[in-house]
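The lines below spell out each chain.
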Amino acid sequence: MTQSPRITLIGGGLVGALLAQQLAQRGFAVEVFEKRPDPRLAGFLGGRSINLALAERGLQALRSAGLADDVLQRAVMMRGRMVHDRDGHSALQRYGVDDSEVIWSVSRGALNMLLLDAAEAAGVTFHFGQSLVAADFERQRIRLADAAGVEREQTVGLLIGADGAGSALRTAMNAHAPLGERIEALGHGYKELEIPPADELAATLQQLGGGRDQYALEPHALHIWPRGGYMCIALPNTEGSFTVTLFLPAQGAAPSFASLPGSTAAAAFFSEQFPGLLSLIPRFAEDFDHNPVGTLSTLYLDRWHLDGRALLVGDAAHAIVPFHGQGMNCGFEDTVVLANLLAAAPGDSTEVFAEFQRVRQPNADAIAAMALENYVEMRDSVADPHYLAKRELGALLAARIPAHYMARYRMVTFTHLPYAYALERGRAQDQLLEQLLRENPNVATIDIDAAAALFVSTLPPLPALRHG
């Protein structure tokens, strides 16, 4: 019987901790080196988005690890997008057909700690406060530095980098043999603010939540204030607060982060563009002046691995912008594919790493493209009459011919169809929707039987759909 190799993981964040647990469950000896302190002891260090959207792909990975129920107990259901217009009106655009198709708002910190506990229970060894400084791939040794800068060398097994978009292992691999790295900046940044639980707001503002327990806004929705070239969003937290994120161009004429040098200018901008929202953020000045502006980029690599010695997964290999809520879900999907491949051929890491890239890279490229498209949709199209007409026509077709039409968002978010398939099928469906609306822009007068016949005659049926 082939001896399972030792595995050395760089990065104990969400993807690293889940991958470590899955590998340990399959009998591998796994060691993890994480540059941050243990969040269970030191408290979770922020600096990255506070909460994340968990969808079916991520849930399926958690189910395979036996953790889905524990995670969902700590999550808030979001049925759809609550779109807030300039006049203060709001309307819900559902993500799916009913409450079987929802996404979940989860706390990054709470989820990371749960995954660390699960990995340790499976036998994984963690070393916190250990930053990767360099790697010698010939000698299978890495150099690490602790918080005080004291360095030491460590012998490693198979090296896997799950250390995020700023991956230190990727830097070391790229220095050893260029990976064909391309980083495309979006040119937009983000800043996080907070709506506190309703009982921390003035009584007059509490009524905005419609008596929804401790929440100041409808809790079971992802709130969007779309304004064309920019937007605000808000995701619910379990304790009643919302994490608000402002997305704006980084530079250039107003509105941009460059045109808002401090909270005074920002407050005036919010009063004008997001009526009602500013009053729900009592610590606006403090949050705006102290929270950093985050950057948004897409990472592309030609190669994710160095033969069978080192491999990158998750954001370390394919970081994307956050506008489809799929970064974590895609990374979690990576962990299941890789753990299964390694378990099937533990003695052939060269072939496993090559196969992992062959399977996952087209899907990573596809979700990167869809995430960029979704930014335009969220900040602009959700309020556009033509977009709403297409959405209405699509909903009618989904009810009439479910085997031939499913909205791309639903394919991505609620099924396990490959991202690359969802991108290609979505484009083909969109062309037909555009054709129908060009011929007749009023959905109410479109002959739905004829429209359904066009789809059935033009496109093959959808593959068998796997929901959780």
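Numbering of residues starts from 1 in each chain and follows the order in which that chain's sequence is written. Note on the predicted model: pLDDT of at least 70 is required for a residue's local features to be given, and 80 or more for side-chain atom pairs to be given and counted; whole-chain, interface and lining totals, by contrast, use all residues. The basis for the side-chain values is all heavy atoms of the structure; hydrogens and waters are excluded.

Some remarks on the pairing of strand β1 (residues 7–10)
Working step 1: Classification of residues uses two cut-offs on accessible area relative to the type maximum, computed with a 1.4 Å probe and protein chains only: under 20% is buried, over 50% is exposed, and between them is partly exposed. Numbering of helices and strands starts at the N terminus; helices are DSSP runs of H or I of at least 4 residues and strands are runs of E of at least 2. Going residue by residue along β1, you find Ile7 and Leu9 tucked away on one face and Thr8 and Ile10 tucked away on the opposite face as well.
Working step 2: Note: β1 against strand β12 (residues 158–161), four bridges, orientation parallel. Within β12, the residue paired with isoleucine 10 across the bridge is glycine 161.
Working step 3: Two strands pair under a simple rule: DSSP has to find at least two bridges between them. Bridge count between β1 and strand β2 (residues 30–34): four bridges; the pairing is parallel. Following the sheet pairing, leucine 9 is matched in β2 by valine 32.
Working step 4: In this view, the connection linking β1 to its parallel neighbour β2 by way of helix α1 (residues 14–25) has right-handed handedness. Crossover handedness is defined by viewing with both strands directed away from the observer: a clockwise path from the first strand over the helix to the second marks the crossover as right-handed.

Some words on the packing of helix α13 (residues 385–400) against helix α16 (residues 448–458)
When two helices pack together, their arrangement is given by the angle between their axes and by how far apart the axes lie.
Working step 1: Two elements in contact, α13 and α16, have axes whose closest approach is 10 Å; the angle formed by their N-to-C orientations is 75°. One way to sum up the angle between α13 and α16 is to call them roughly perpendicular. Contacts between α13 and α16 involve Leu393, Leu396, Leu397 and Arg400 on the former and, on the latter, Ile448, Asp449, Ala451, Ala452 and Phe455.
Working step 2: Within the contact of α13 with α16, the residues separate by chemical class into seven nonpolar, no polar and two charged. In this description, a line fitted to the C-alpha atoms serves as the axis of each element, helices being fitted only across the stretch in contact, and the angle between N-to-C directions of two axes falls anywhere from 0 to 180 degrees. Throughout this description, any angle smaller than 35 degrees is read as roughly parallel, any larger than 145 degrees as roughly antiparallel, any in the 65 to 115 degree range as roughly perpendicular, and the remainder as oblique. We call two residues contacting when some pair of their heavy atoms lies within 4.5 Å. Classification used: nonpolar for Ala, Val, Leu, Ile, Met, Phe, Trp, Tyr, Cys and Pro, charged for Asp, Glu, Lys and Arg, polar for all others including Gly.

What about the packing of aromatic side chains?
Working step 1: Pairing of aromatic rings covers Phe, Tyr and Trp, the last counted by its six-membered ring, and requires centre-to-centre distances within 6.5 Å; plane angles under 30 degrees mean stacked, over 60 mean edge-to-face, and any other angle means tilted. Enumeration over the complete set of coordinates arrives at 17 aromatic pairs.
Working step 2: Taking 5.1 Å as the distance between ring centres and 15° as the angle between the ring planes, the aromatic pair formed by tyrosine 95 and tyrosine 409 counts as stacked. Of the two residues, tyrosine 95 sits in the loop between β6 (90–94) and β7 (103–107) while tyrosine 409 sits in helix α14 (residues 408–414), which places them 314 residues apart along the sequence. The exposure classification of tyrosine 95 matches that of tyrosine 409, with both residues buried.
Working step 3: With centroids separated by 6.1 Å and ring planes inclined at 40°, the aromatic side chains of tyrosine 190 and phenylalanine 247 adopt a geometry described as tilted. On the criterion of sequence distance, the pair formed by tyrosine 190 in strand β13 (residues 182–195) and phenylalanine 247 in strand β16 (residues 242–249) is long-range, its members being 57 residues apart. Take tyrosine 190 and phenylalanine 247: they sit in the same class, and that class is buried.
Working step 4: Within the aromatic cluster, the residues linked to one another by ring pairs are Tyr230, Phe269, Phe270, Phe274, Phe284 and Phe288.

Considerations on the sheet that holds β7
Working step 1: Within the open sheet, the three strands sit side by side as β3-β7-β4. Their pairing is antiparallel. In the strand order of this sheet, the two ends are held by β3 (51–54) and β4 (76–78), each with one partner. Neighbouring strand axes in the sheet, compared pairwise and without regard to direction, differ in orientation by 35° on average.
Working step 2: Packed onto the sheet, helix α11 (residues 327–344) meets β3 and β7 and runs at close to 60° relative to β3.

Concerning the side chain of histidine 188
Working step 1: Within the secondary structure layout, histidine 188 lies in strand β13.
Working step 2: Setting aside anything within four residues of it in sequence, one finds histidine 188 in contact with Gly229, Leu248, Pro249, Ala250, Leu296, Tyr375 and Arg379.

Observations regarding the pattern of salt bridges
Working step 1: By definition, a salt bridge exists where a carboxyl oxygen of Asp or Glu is found within 4 Å of a side-chain nitrogen of Lys or Arg. With the rule as written, the count across this model stands at 28 salt bridges.
Working step 2: For arginine 79, the salt bridge identified is with aspartate 99, shortest N-O distance 2.8 Å. On the criterion of sequence distance, the pair formed by arginine 79 in the loop between β4 and β5 (80–84) and aspartate 99 in the loop between β6 and β7 is long-range, its members being 20 residues apart.
Working step 3: With relative accessibility at 23%, the residue arginine 79 sits in the partly exposed group.
Working step 4: In this structure aspartate 99 comes out as partly exposed when scored by relative accessible area, which is 38%.
Working step 5: One salt bridge in this structure joins arginine 358 and glutamate 355, with 2.8 Å as the shortest N-O distance. Note that arginine 358 and glutamate 355 are positioned in helix α12 (residues 349–379) at a spacing of three residues, about one turn of the helix.
Working step 6: Of the residues examined, arginine 358 reaches a relative accessible area of 54% and is grouped as exposed.
Working step 7: Beyond isolated ion pairs, a larger network of salt bridges with shared partners links Asp38, Arg40, Asp117 and Glu120.

Concerning the nonpolar core
Working step 1: By size, the foremost hydrophobic cluster in this structure holds 73 residues, and its most contacted members are Leu115, Phe332 and Leu342.
Working step 2: When residues of this core are assigned to their parent elements, the largest contribution, eight residues, is made by α1.
Working step 3: Every residue in contact with leucine 342, bar those within four places of it in the chain, is listed here: Ile7, Leu23, Phe28, Leu158, Ile160, Val352 and Phe353. By convention a nonpolar core is built from buried Ala, Val, Leu, Ile, Met, Phe, Trp, Tyr and Cys residues, the set being connected through side-chain atoms within 4.5 Å.

Brief notes about the layout of surface pockets
Working step 1: Grid points spaced at 1 Å over the protein atoms alone were grouped into cavities, where a 1.4 Å probe fits but cannot get out, and pockets, open sets with protein on both sides within 12 Å along at least five of seven lines, with lining residues defined by an atom within 4 Å of a point. Grid points are joined across faces, edges and corners, and a volume is the space filled by probe spheres set on the points. Space inside the second largest pocket adds up to approximately 970 Å³.
Working step 2: Contributing to the lining of the second largest pocket are 34 residues, with Tyr387, Tyr405, Ala407, Arg408 and Tyr409 lying nearest its centre.
Working step 3: Among the elements of the structure, α12, α13, α14 and α15 (419–439) are those that each provide at least two residues to the lining of the second largest pocket.
Working step 4: For the lining of the second largest pocket, the leading source of residues is α13, giving eight residues.
Working step 5: Classifying every residue of the lining of the second largest pocket gives 14 nonpolar, nine polar and 11 charged.

Some remarks on the pairing of β5
Working step 1: β5 sits mainly inside the fold: five of its five residues count as buried.
Working step 2: Pairing of β5 with β6 involves five bridges; the strand directions are antiparallel. Looking at β6, one finds that valine 83 is bridged to alanine 91.
Working step 3: In this structure, the hairpin formed by β5 and β6 is closed by a connection of five residues, where glycine 88 is found at a positive phi of approximately 90°.

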